[in-house]
Amino acid sequence: MSIENLSSNKSFDGWHKQYSHHSDVLGCDMRFAIFLPPQAGKGKKVPVMYWLSGLTCTDENFMQKAGAYRIAAELGMAIVAPDTSPRGDHVPDDENAAYDFGKGAGFYVNATQEPWSRHYRMYDYITLELPDLIKNHFPVTDDAVISGHSMGGHGALMIALRNPGMFKSVTAFSPISNPVNCPWGQKALGRYLGADVTVWKNWDSSHLMAAASPDGFTPALVDQGDEDGFLKEQLKPEALFAAAAKSGYPLNLRMQEGYDHSYYFISSFIEDHLRFHARHLGLA
């Protein structure tokens, strides 16, 4: 699979690079960004953190706003940030161009309903196609971790829970913790997956965590701001906390006083998350 370099910027002796490629899984051209730490330029392979962004975002939001490069460069960790949905004029979108469905809102599931099922297969893209592409084109090891924010926090937790052993650790900021019980999740899962709520539960982090078994546990860190405007209606961290208590899951869920849903919040705690991952990758 060929990739095209769109931009390249040096940062903390590493490189932020943006690429485009054709995705067979999604049936469209996609864009992703990668930060390669300086260690990757010296003949050494490095582990990868996959970052999944939230509603309306692209690969650029985290890479430009999170302030992650200094610590990633110190630790020797690559960061890969994909887009949040398929793109292109031929890709169907919400008829009202709503921000919480369609383009920019793939929810990291495999859609089964028309007209979404042809292109909206972000789960397969993140778990299969993109990792293969990264391994084939960049000096990375098989060791990976995953993180995300809001819709991407849902994606990171859900993907780690559905794939025990794929990731050494998982973290999330302000995740949509219980999408079967919030408006964002009900809209997206209902239209992508159909009306059967029992099917939705297979993509819900709280339901997956409650049913997890110890041999499939992935260490998890979640940060949630207590001044987040979406906290009560959309994010529901209490469901995730209850799920972890039920299964004994190794979840550290921290409520952070005064913080909201923004990248001001993410940039304040991204170092904690990178160092959490580094410990589980054997980098620290």
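Below or above, wherever it landed, is the structure these notes cover. (Residues numbered from 1 in each chain as written. Predicted model: local features only at pLDDT ≥ 70, side-chain atom pairs only at ≥ 80, totals over all residues. Heavy atoms only, no water.)

Things to note about the overall build of the protein chain
Reasoning step 1: Helices and strands together make up the secondary structure of the protein chain, namely 10 helices and 9 strands.
Reasoning step 2: Taking 2.2 N^0.38 as the reference for a compact globule, 284 residues should give roughly 19 Å; the C-alpha atoms of the protein chain span a radius of gyration of 18 Å, in line with that estimate.
Reasoning step 3: A buried classification covers 60% of the 284 residues belonging to the protein chain.
Reasoning step 4: Relative to all contacts within the protein chain whose residues are 6 or more apart in sequence, the contacts with residues 24 or more apart total 73%.
Reasoning step 5: For the protein chain, the exposed area adds up to about 11,400 Å²; of that, 48% sits on carbon and sulfur atoms.
Reasoning step 6: Charge centroids of the protein chain, computed over 24 positive and 32 negative side chains, lie 5 Å from each other. (Helix = DSSP H or I, 4+ residues; strand = E, 2+ residues; numbered from the N terminus. Rg over C-alpha atoms; globule rule 2.2 N^0.38 Å. Buried < 20%, exposed > 50% of the residue type's maximum accessible area, 1.4 Å probe, protein only. Contact = heavy atoms within 4.5 Å. Areas by Shrake-Rupley, 256 points an atom, 1.4 Å probe, with all protein chains shown as cover. Lys, Arg positive; Asp, Glu negative; His and termini not counted. Charge placed at Lys NZ, Arg CZ, Asp CG, Glu CD.)

Re a negative patch on the surface
Reasoning step 1: A surface patch of like charges, here negative, comprises Asp226, Glu227, Glu257 and Asp260.
Reasoning step 2: Its location among the elements puts Glu227 in the loop between strand 8 (220-225) and helix 8 (231-235). (Patch = residues over 30% accessible without salt bridge, like charges linked within 9 Å, V, L, I, M, F, W, Y side chains within 5 Å. Salt bridge = Lys/Arg side-chain N within 4 Å of Asp/Glu carboxyl O.)

Some points on the pattern of salt bridges
Reasoning step 1: Counting across every chain of the model gives 15 salt bridges.
Reasoning step 2: For Asp59, the salt bridge goes to Arg31, with nearest N and O atoms at 2.7 Å. Of the two residues, Asp59 is situated in the loop between strand 4 (46-52) and helix 1 (60-65) and Arg31 in strand 3 (residues 28-36); the sequence distance between them amounts to 28 residues.
Reasoning step 3: Overall, Arg31 belongs to the partly exposed group, its relative accessible area being 26%.
Reasoning step 4: Note that Asp143 and Lys168 form a salt bridge whose closest N and O atoms lie 4.0 Å from each other. In this pair, Asp143 sits in strand 6 (residues 140-149) while Lys168 sits in the loop between helix 4 (151-162) and strand 7 (170-173), placing the two residues 25 residues apart along the sequence.

Thoughts on the state of the cysteines
Reasoning step 1: Applying the stated rule across the entire model yields 0 disulfides.
Reasoning step 2: Of all cysteine sulfurs, the one in Cys57 lies closest to Cys28, which takes part in no disulfide; the gap is 18 Å.
Reasoning step 3: Among the residues examined, Cys28 registers a relative accessible area of 1% and is labelled buried. (Disulfide = S-S within 2.5 Å.)

Topic: helix 4
Reasoning step 1: Along its 12 residues, helix 4 runs 16 Å from first to last C-alpha, staying within 8% of the 16 Å computed at 1.5 Å per residue.
Reasoning step 2: Among the 12 residues in helix 4, 11 count as buried, and that is most of the element.
Reasoning step 3: Burial in helix 4 covers these residues: Met151, Gly152, Gly153, His154, Gly155, Ala156, Leu157, Met158, Ile159, Ala160 and Leu161. (Expected span 1.5 Å × (residues − 1).)

Some remarks on the environment of Gly106
Reasoning step 1: As for its placement among the helices and strands, Gly106 is situated in the loop between strand 5 (78-82) and helix 3 (122-137).
Reasoning step 2: For Gly106, a relative accessible area of 0% puts it in the buried group.
Reasoning step 3: The residues touching Gly106, leaving out its near neighbours within four places in the chain, are Thr84, Ser85, Tyr120, Met122, Met151 and Tyr192.

Considerations on the pairing of strand 7
Reasoning step 1: Side chains of strand 7 alternate between two faces, with Val170 and Ala172 and Thr171 and Phe173 buried alike.
Reasoning step 2: Bridge analysis of strand 6 against strand 7 gives 4 bridges, and the strand direction is parallel. In the sheet register, Ser147 faces strand 7, and the bridge partner there is Thr171.
Reasoning step 3: Handedness of the crossover joining strand 6 and strand 7 through helix 4 is recorded here as right-handed.
Reasoning step 4: Bridge count between strand 7 and strand 8: 4 bridges; the pairing is parallel. Opposite Val170, over in strand 8, you have Ala220 as the bridge partner. (Pairing = 2+ DSSP bridges. Right-handed = clockwise from strand over helix to strand, strands pointing away.)

With respect to the nonpolar core
Reasoning step 1: Residues Phe32, Tyr50, Ile134, Ile146, Ile159, Tyr192 and Leu251 are the most contacted members of the largest nonpolar core, which totals 67 residues.
Reasoning step 2: Not counting chain neighbours up to four residues away, the residues in contact with Leu251 comprise Met209, Ala220, Val222, Leu240 and Ala244.
Reasoning step 3: With 26 residues, the next largest nonpolar core counts Met63, Ile71, Tyr263 and Ile266 among its residues. (Core = buried A, V, L, I, M, F, W, Y, C linked by side-chain atoms within 4.5 Å.)

Here's the deal with the packing of aromatic side chains
Reasoning step 1: Using the criterion set out here, one finds 19 aromatic pairs in the structure.
Reasoning step 2: The interplanar angle of 70 degrees and the centroid separation of 5.3 Å between the aromatic rings of Tyr19 and Phe138 together place this pair among those described as edge-to-face. Separated by 119 residues along the polypeptide, Tyr19 in strand 2 (residues 14-23) and Phe138 in the loop between helix 3 and strand 6 bring together distant segments of the chain. In terms of burial, Tyr19 and Phe138 fall into one category: buried.
Reasoning step 3: Of the aromatic side chains, those joined through ring pairs into one cluster are Trp51, Phe62, Phe173, Tyr259, Phe265 and Phe269.
Reasoning step 4: Positioned over the ring face of Trp203 is Arg162, at 3.8 Å from the centre of the ring. (Phe/Tyr/Trp six-rings, centres within 6.5 Å; stacked < 30°, edge-to-face > 60°. Lys NZ or Arg CZ within 6 Å of the ring centre and 35° of its normal.)

Keep in mind that these numbers describe shape and distance, not what the molecule does.
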